[in-house]
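Chains, contacts and geometry: an overview
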Amino acid sequence: MSERLDLKAKLGLDVFKPALEPHIKIKQGMEKDLRLKPAIRACPAGLYSENDNGEVVLTIDGCLECGTCRLVCGTEILDWNYPPGGTGVQYRFG
Ligand code: SF4
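Described in the following lines is the structure provided in the data block. (Residues numbered from 1 in each chain as written. Predicted model: local features only at pLDDT ≥ 70, side-chain atom pairs only at ≥ 80, totals over all residues. Heavy atoms only, no water.)

1. Quick look at the layout of surface pockets
Taken as a whole, the largest pocket holds about 180 Å³ of empty space. If you trace the largest pocket, you find 16 residues lining it, with Lys-17, Pro-18, Ala-19, Ile-60 and Asp-61 closest to the centre. (1 Å grid on protein atoms, 1.4 Å probe; cavity = no way out; pocket = protein on both sides within 12 Å on 5 of 7 lines; lining within 4 Å. Points joined across faces, edges and corners; volume = space filled by probe spheres on them.)

Below, the structure written as structure tokens:
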């Protein structure tokens, strides 16, 4: 009998190969823009956070390439691209 895995356990099975450059960047000067703040709650991998200066910061390791942040923040705020071939997420559970 197989054990049911919750979302966190399933995500823990994925493999991430980093690229030389981050494939998503917060555009320069936009770190405090209010349009960026929804990403903190919307990113399913929890990669956005706010620092003590009120700036939103992105830690790209673990990105699921789902595009949610691109949708909620927009391309005026984010420079969003898929990572180069052979890098990024490799899903191991569906
Ligand atoms: S693409 Fe998805 S997982 Fe990656 S940073 Fe944006 S919301 Fe988070």
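2. Considerations on the site of the ligand
Taken together, Ile-24, Cys-43, Pro-44, Tyr-48, Cys-63, Leu-64, Glu-65, Cys-66, Gly-67, Thr-68, Cys-69 and Trp-80 are the residues near the ligand. The pocket occupied by the ligand, as judged from atoms lying within 2 Å of grid points, is the largest cavity. Here the shell around the ligand is built from residues that sort into 9 nonpolar, 2 polar and 1 charged. (Near = heavy atom within 4 Å. Sits in = over half its atoms within 2 Å of the grid points. Nonpolar A, V, L, I, M, F, W, Y, C, P; charged D, E, K, R; others polar.)

3. Points about empty space enclosed by the protein
Counted by the stated rule, this structure contains 1 cavity of 30 Å³ or more. Reported here for the largest cavity is a volume of approximately 100 Å³.

4. Describing the nonpolar core
Membership of the largest hydrophobic core comes to 14 residues, with the highest contact counts inside it found for Ile-24, Ile-26, Leu-36, Tyr-48, Cys-69, Cys-73 and Leu-78. Put simply, the parts of the chain that give this core at least two residues each are strand E2 (24-26), helix H3 (68-73) and strand E5 (78-80). Not counting chain neighbours up to four residues away, the residues in contact with Leu-78 comprise Ile-24, Lys-25, Ile-26, Lys-27, Leu-36, Tyr-48, Cys-69, Arg-70 and Cys-73. (Core = buried A, V, L, I, M, F, W, Y, C linked by side-chain atoms within 4.5 Å. Buried < 20%, exposed > 50% of the residue type's maximum accessible area, 1.4 Å probe, protein only. Helix = DSSP H or I, 4+ residues; strand = E, 2+ residues; numbered from the N terminus. Contact = heavy atoms within 4.5 Å.)

5. Section: the packing of aromatic side chains
For the structure shown, the criterion picks out 1 aromatic pair. Taken together, a centroid distance of 4.9 Å and an interplanar angle of 85° make the contact between Trp-80 and Tyr-82 edge-to-face. (Phe/Tyr/Trp six-rings, centres within 6.5 Å; stacked < 30°, edge-to-face > 60°.)

6. Some words on the pattern of salt bridges
Counted under the stated rule, the structure contains 4 salt bridges. Note that Asp-33 and Arg-35 form a salt bridge whose closest N and O atoms lie 3.0 Å from each other. Classification of Arg-35 as partly exposed rests on a relative accessible area of 38%. Glu-76 is the salt-bridge partner of Arg-35, the closest N and O atoms lying 3.0 Å from each other. Taken together, the residues span a long stretch of sequence, with Arg-35 in the loop between E2 and helix H2 (38-42) and Glu-76 in the loop between H3 and E5 at a distance of 41 residues. By relative accessible area, which is 54% here, Glu-76 ends up exposed. (Salt bridge = Lys/Arg side-chain N within 4 Å of Asp/Glu carboxyl O.)

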